[in-house]
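Examination of the molecular architecture
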Amino acid sequence: MATPIIADYRRRYGDIANFAYVYISEAHASNEWPLGSVESHIQPQKITERVKLAHRFRDEYVRKADQNEGDIPVYVDCMDNAFDQHYAVWPERFFIIENDTIMYIGEPCTELGFDRGQIETWLEKQRPDEMEPSHELESKNNSQLIASQKYTDSNSST
């Protein structure tokens, strides 16, 4: 699960970028693709059910990974899965958006995840040359890193 990675990116790059999640459909819904003993939920049929699971994801995974340093927003895809369909985010993707333009799309390159070096390289290039990583900018630029992630158990490899 990418929540500890995003929390780490936020700690290291929060001075130059905003971070958010988009919660999409259940990855391993018990009524579609069960994983046995791994935590699983029925695929929501109503937006209120999806929102409830997104809140649980935020409370159980995002806030714990972020060590309650501040909430990383969690947005919820519509029931027609428009975000997922438009951006092909399954099973998970990282987007860097600057001034309403997608500048980088990170996607799994191995069964175990992403090439995090590419994401970090892009983010590092956004730092002003005179700025040390520990300093805060007065105002953030328009860069955002959005992680779209299917809900999975914290012990799984995705």
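See the structure printed just above.
Residues numbered from 1 in each chain as written. Predicted model: local features only at pLDDT ≥ 70, side-chain atom pairs only at ≥ 80, totals over all residues. Heavy atoms only, no water.

**Some details on the overall build of the protein**
Going by this rule: Numbering of helices and strands runs from the N terminus, with a helix taken as a DSSP run of H or I at least four residues long and a strand as a DSSP run of E at least two residues long. Throughout this description, buried means an accessible area under 20% of the type-specific maximum (1.4 Å probe, protein chains only), exposed means over 50%, and partly exposed covers the range between. Residue contacts are defined here by distance: any two heavy atoms, one from each residue, within 4.5 Å place the two residues in contact.
Summing up its helical and strand segments, the protein has four helices and five strands in all. Ordered by position in the sequence, the α and β elements of the protein form the string α-β-α-β-α-β-β-α-β. Sorting the 158 residues of the protein into buried and exposed places 40% on the buried side. Relative to all contacts within the protein whose residues are 6 or more apart in sequence, the contacts with residues 24 or more apart total 68%.

**Things to note about the packing of aromatic side chains**
Short version of the rule: Between the rings of Phe, Tyr and Trp (Trp by its six-membered ring), a pair exists once the centres lie within 6.5 Å; its type follows the angle of the planes, with under 30 degrees stacked, over 60 edge-to-face, and the other angles tilted.
Applying the stated rule across the entire model yields seven aromatic pairs. Geometrically, the ring pair formed by Tyr 21 and Phe 57 is edge-to-face, given 5.5 Å between the ring centres and 85° between the ring planes. One end of the pair, Tyr 21, is in strand β1 (residues 18-23); the other, Phe 57, is in helix α2 (residues 47-65), and 36 residues separate them in sequence. By relative accessible area, which is 1% here, Phe 57 ends up buried. Ring geometry for Phe 83 and Tyr 87: centres 4.9 Å apart, planes at 45°, overall tilted.

**Things to note about the pairing of strand β4 (residues 101-106)**
Filter applied, for reference: Pairing between strands is defined by DSSP: at least two bridges between them are needed.
Alignment of strand β3 (residues 92-98) against β4, held across five bridges, turns out to be antiparallel. Counterpart to Phe 95 in the pairing with β4 is Ile 105.

**Focus: the packing of helix α1 (residues 3-13) against α2**
Here is the rule we go by: Only the stretch in contact is used when fitting a helix axis, every axis being a line fitted to C-alpha atoms; angles between N-to-C directions are given from 0 to 180 degrees. The scheme is simple: roughly parallel for angles under 35 degrees, roughly antiparallel for over 145, roughly perpendicular for 65 to 115, oblique for anything else. Throughout, a crossing is termed right-handed when the near helix is turned clockwise from the far one, and left-handed when it is turned anticlockwise from it by less than a right angle. Gly is placed with the polar residues, together with every amino acid not listed as nonpolar (Ala, Val, Leu, Ile, Met, Phe, Trp, Tyr, Cys and Pro) or charged (Asp, Glu, Lys and Arg).
Between α1 and α2, whose axes approach to 7 Å, the crossing angle comes to 45°. When the axes of α1 and α2 are compared, the pair comes out oblique. Crossing of α1 against α2: the hand is right-handed. Facing α1, whose interface residues are Thr 3, Pro 4, Ala 7 and Arg 11, α2 presents Phe 57, Tyr 61, Val 62 and Ala 65. Residue classes in the contact of α1 with α2 are distributed as six nonpolar, one polar and one charged.

**Here we look at the pattern of salt bridges**
We apply this condition: Basic side-chain nitrogens of Lys or Arg form a salt bridge, by our definition, when they fall within 4 Å of a carboxyl oxygen of Asp or Glu.
Evaluated as defined, the whole model comprises six salt bridges. As a salt-bridge pair, Asp 59 and Arg 58 come within 3.0 Å of each other at their nearest N and O atoms. Residue Arg 58 is classed as partly exposed on the basis of its relative accessible area, which comes to 21%. With a closest N to O distance of 3.0 Å, Arg 63 and Asp 59 form a salt bridge. Linking Arg 63 with Asp 59, this pair stays in helix α2, spanning four residues, or about one helical turn. The network of salt bridges with common partners includes Asp 8, Arg 12 and Glu 120.

**Describing the nonpolar core**
The condition that has to hold: Take the buried Ala, Val, Leu, Ile, Met, Phe, Trp, Tyr and Cys residues and link them wherever side-chain atoms come within 4.5 Å; each set so joined is a nonpolar core.
Ile 6, Tyr 9, Phe 19, Ile 119 and Leu 123 are the most contacted members of the largest nonpolar core, which has 23 residues in total. Listing elements by their share of this core, those giving two or more residues are α1, β1, α2, β3 and α4 (116-125). By residue number, the principal contributor to this core is α2, which donates five residues.

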